[in-house]
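Structural overview
Given next are the chains, with one letter for each unit.
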Amino acid sequence: MKTIIKTIDKNSIDIKNIGIAADILKSGGLVAFPTETVYGLGANALDEKAVSEIFVAKGRPSDNPLIVHVCNVEMVKRLVKNIPELAFKLMEKFWPGPLTLIMEKSSRVPEIITAGLSTVAIRMPSHPIALKIIEESQVPVAAPSANISGKPSPTEAKHVIEDLMGKVELIIDGGSSQVGLESTVLDVTVNPPMILRPGGITKEQLEEAVGKIDIDKAILSDHLEDIKPRAPGMKYTHYSPKADVIIIEGKVEACVEKIRELAESYKRDGIPVGILATEQTKGLYTVGTVMSLGDRKMPDTIASSLFRELRHLDDKGVRVILAEAIEDTGVGLAVMNRMKKAAGYNIIKVGD
Ligand code: TXA
Ligand code: MG
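Residues numbered from 1 in each chain as written. Chains lettered and ligands numbered in written order. Predicted model: local features only at pLDDT ≥ 70, side-chain atom pairs only at ≥ 80, totals over all residues. Heavy atoms only, no water.

It is worth spelling out the side chain of Lys341 at this point. Relative to the elements of secondary structure, Lys341 occurs in helix α12 (residues 332–342). The buried charged residue Lys341 lacks any salt bridge, with Glu182 as its nearest oppositely charged partner at 9.6 Å. Reaching out from Lys341, the side chain makes a polar contact with the backbone oxygen of Met234 at a distance of 2.6 Å. When residues no more than four places from it in sequence are discounted, the contact partners of Lys341 are Gly233, Met234, Lys235, Tyr236, His238, Tyr239 and Ser240. (Helix = DSSP H or I, 4+ residues; strand = E, 2+ residues; numbered from the N terminus. Buried < 20%, exposed > 50% of the residue type's maximum accessible area, 1.4 Å probe, protein only. Lys, Arg positive; Asp, Glu negative; His and termini not counted. Salt bridge = Lys/Arg side-chain N within 4 Å of Asp/Glu carboxyl O. Polar contact = N/O pair within 3.5 Å; in protein donor to acceptor, adjacent residues only side chain to side chain. Contact = heavy atoms within 4.5 Å.)

Put into structure tokens, the structure is as follows:
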């Protein structure tokens, strides 16, 4: 298949290109587009055949349900049985934005979207290009992250091109995704609501808005086998670069010490090593390809660069990536969740 690539400036959107994207969606094709979290691979959510093409293009297991993207609450009403009171509050407060709500699905939602579950995941993205495409096509858009299943999610069009060139009709380049990690997935069919995937909107923010929030225990576990996650997608190893990732966890000074020691020993063995450091620590390493993810005091800076730097270190040809853990509060919880998955839960704890 021939893939068209179009660049759109999010601050001055060329409506002609949006029209092209909308026409492709309406006629059953696939369009990769930017959102504020990561790039999405979209199809008309009401077109079963089109949605099945998403699974083929990504190599995605069919038991992993998709998120449906909407541009207004009217669209949500048609996709769900009812909207719980608390969900209205959350939409009011956090939409458009990186929050996905799980609700009871209506009969309009094809089974292929929900992988046979009775619930459907819905979000309204805040990225102006994503919103415009949904508005223009007037259909709900099913969109997982626009990467090959298992690889780090794409935060730039070039990542999408690497993974999906020749497999989709259109890729829209709208610059870098601002959040850099996927949306928070929140199940509002249970009371208190439960976070099934940590993301751009934090537990702290949600609790401030609506009171107590639970977290799926599987997210907090350090071993994949421990507990079955409630979001089917969370059971897969994920976000994996080609290199092996090892997380070093503990006090910052002890982590740096351990990483320096490991980097030296890989160097002696002739194995190229990459280090995922922070602004506070990047100057302390003398061996290996060192990338700063951001500022430890501003975990959102780290969130926005994690996936990009995992791909970047692969491009540099390193075989092992040593990553400093950060504090798992606020958006740090989502950062550590993705990092642990990228590492296949390979974590070294150093003395406290
Ligand atoms: O930020 C995002 O959410 C991005 C952008 C493109 O919007 N999309 C995204 O989609 O991350 P995807 O398909 O990569 O991840 C969807 C997650 C998976 O873990 C899936 O298992 C879960 O949401 N999910 C979808 N429907 C669900 C449902 N009915 N019940 C529980 N989990 C569900
Ligand atoms: Mg994904």
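A separate point is the packing of helix α4 (residues 85–94) against helix α8 (residues 203–210). Taken N-terminus to C-terminus, the directions of α4 and α8 make an angle of 120°; their axes are 10 Å apart at the nearest point. On the basis of their axis angle, the class for α4 and α8 is oblique. Every pair of crossing elements has a handedness; the one defined by α4 and α8 is right-handed. Between α4 and α8, the contacting residues are Leu86, Lys89, Leu90, Lys93 and Phe94 on the first element and Gln205, Leu206, Ala209 and Val210 on the second. For the contact of α4 with α8, the class distribution of residues is six nonpolar, one polar and two charged. (Axes fitted to C-alpha atoms, helices over the stretch in contact; angles between N-to-C directions. Parallel < 35°, antiparallel > 145°, perpendicular 65-115°, else oblique. Left-handed = near helix turned anticlockwise from the far one by under 90°. Nonpolar A, V, L, I, M, F, W, Y, C, P; charged D, E, K, R; others polar.)

What follows covers the UniProt feature "binding site: L-threonine" (unreviewed entry) in the protein chain. The UniProt record marks Thr37, His69, Arg123, Ala143 and Ser183 with the feature "binding site: L-threonine" (unreviewed entry), using the residue numbering of this structure. Across 147 residues in sequence, these annotated residues keep their C-alpha atoms within 12.7 Å of one another, forming a single compact spot. Residue position: His69 is located in strand β4 (residues 67–69). Ignoring sequence-local partners within four residues, the contact set of His69 consists of Arg123, Pro125, Ile134, Pro140, Val141, Ala142 and Ala143. Of note, Arg123 is situated in strand β6 (residues 119–123). Of the polar contacts made by the side chain of Arg123, one reaches the side chain of Glu36; its length is 2.7 Å. (UniProt positions renumbered as here; feature names shortened; annotations may be inferred.)

Here, the residues flagged by UniProt with the feature "domain: YrdC-like" (unreviewed entry) are residues 15–201. Between the end C-alpha atoms of residues 15–201 there is a gap of 30 Å, over a span that is 33% helix and 19% strand.

This paragraph deals with the pattern of salt bridges. Using the criterion set out here, one finds 19 salt bridges in the structure. Across the pair Arg123 and Glu36 runs a salt bridge whose closest N-O atoms are separated by 2.7 Å. Taken together, the residues span a long stretch of sequence, with Arg123 in strand β6 and Glu36 in the loop between β2 (31–33) and β3 (40–44) at a distance of 87 residues. For Asp63, the salt bridge goes to Lys235, with nearest N and O atoms at 3.0 Å. You can see Asp63 sitting in the loop between α2 (48–58) and β4 and its partner Lys235 sitting in the loop between α9 (217–220) and β12 (244–249), a full 172 residues away along the chain. The class for Asp63 is partly exposed, based on a relative accessible area of 35%. Here the residues in one salt-bridge network are Lys151, Glu162, Asp163 and Arg311, joined through shared partners.

Contacts to ligand 1 come from 28 residues, most closely from Thr37, Asn64, His69, Ser183 and Gly233. Residue Asn64 places a side-chain N or O atom 2.7 Å away from an oxygen atom belonging to ligand 1. At a separation of 2.9 Å, an oxygen atom of ligand 1 approaches a polar side-chain atom of Arg197. In the complex, the protein chains occlude 97% of the 690 Å² of accessible area that ligand 1 would expose alone. (Near = heavy atom within 4 Å. Areas by Shrake-Rupley, 256 points an atom, 1.4 Å probe, with all protein chains shown as cover.)

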